[in-house]
Amino acid sequence: MTLQTVRAIYKDQRLIFADRNLVPENGAEVVVTFINKLQSKIMLKGDPISELRGRGKGEKLVERLLLSRREDQKRDGYNR
């Protein structure tokens, strides 16, 4: 199981994926991030961070995120 980022357009109540090879399998859990052009007109109920708690248990997401960040810093020439 891997974390995958893909580009998609939401149209007619469906997600249309830019690359058909990266379409998640049927029933896969996805997290959607989008640009809200309505800005603050729509308020989310609840705390979005709280909603994500418990997702991805056992996948070592923090470690993977930190490793990815270190790789980015190394590539960009930033040494700490």
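On to the overall build of the protein chain. Helix and strand counts for the protein chain come out as 2 helices and 2 strands. Starting at the N terminus and ending at the C terminus, the protein chain contains elements arranged as β-β-α-α. Across the 80 residues that make up the protein chain, the buried fraction comes to 2%. When the accessible surface of the protein chain is totalled, it reaches about 8,800 Å², and 52% of it is carbon and sulfur.

Attention shifts here to helix H2 (residues 61-75). For H2, spanning 15 residues, the distance from its first C-alpha to its last is 21 Å, which sits close to the expected 21 Å at 1.5 Å a residue. Gly-77 occupies a position one or two residues after H2 and carries a positive phi of about 80°.

This next bit is on the confidence of the model for the protein chain. Confidence in the prediction for the protein chain averages 80 pLDDT; 88% of positions are at 70 or higher. When mean pLDDT is compared element by element in the protein chain, strand E2 (residues 14-17) scores highest at 88, while helix H1 (residues 48-52) scores lowest at 75.

It is worth spelling out the pattern of salt bridges at this point. Pairs can form between side chains of opposite charge once their charged atoms are near each other. All chains considered together, the criterion is met by 2 salt bridges. Two residues, Arg-75 and Asp-72, come together in a salt bridge whose shortest N-O distance is 3.1 Å. Here Arg-75 pairs with Asp-72, and both are found in helix H2, just 3 residues apart, close to one helical turn. Accessibility expressed as a relative area gives 25% for Asp-72, which makes it partly exposed. Between Asp-76 and Arg-75 there is a salt bridge, with its nearest N and O atoms 3.5 Å apart. Judged on exposure class, the residue Asp-76 and its partner Arg-75 are both exposed. Through salt bridges with shared partners, one network takes in Asp-72, Arg-75 and Asp-76.

As a further point, take the pairing of strand E1 (residues 8-11). As paired elements, E1 and E2 share 4 bridges and run antiparallel to each other. Within E2, the residue paired with Ala-8 across the bridge is Phe-17. Taken together, E1 and the strand that follows it, E2, pair antiparallel across an intervening segment of 2 residues, in which Asp-12 is found at a positive phi of about 55°.

A positive phi angle, close to 55°, is found at Asp-12, a residue other than glycine. Structurally, Asp-12 is set in the loop between E1 and E2. Take Asp-12: its relative accessible area is 66%, and that puts it in the exposed class.

A contiguous nonpolar patch, built from Tyr-10, Leu-15, Val-30, Val-32 and Phe-34 and spanning about 540 Å² of accessible area, is present on the exposed surface. Position of Val-30 among the secondary structure elements: in the loop between E2 and H1. For Val-30, a relative accessible area of 48% puts it in the partly exposed group.

Criteria and cut-off values
- Residues numbered from 1 in each chain as written.
- Predicted model: local features only at pLDDT ≥ 70, side-chain atom pairs only at ≥ 80, totals over all residues.
- Heavy atoms only, no water.
- Helix = DSSP H or I, 4+ residues; strand = E, 2+ residues; numbered from the N terminus.
- Buried < 20%, exposed > 50% of the residue type's maximum accessible area, 1.4 Å probe, protein only.
- Areas by Shrake-Rupley, 256 points an atom, 1.4 Å probe, with all protein chains shown as cover.
- Expected span 1.5 Å × (residues − 1).
- pLDDT = per-residue confidence, 0-100.
- Salt bridge = Lys/Arg side-chain N within 4 Å of Asp/Glu carboxyl O.
- Pairing = 2+ DSSP bridges.
- Patch = residues over 30% accessible without salt bridge, like charges linked within 9 Å, V, L, I, M, F, W, Y side chains within 5 Å.

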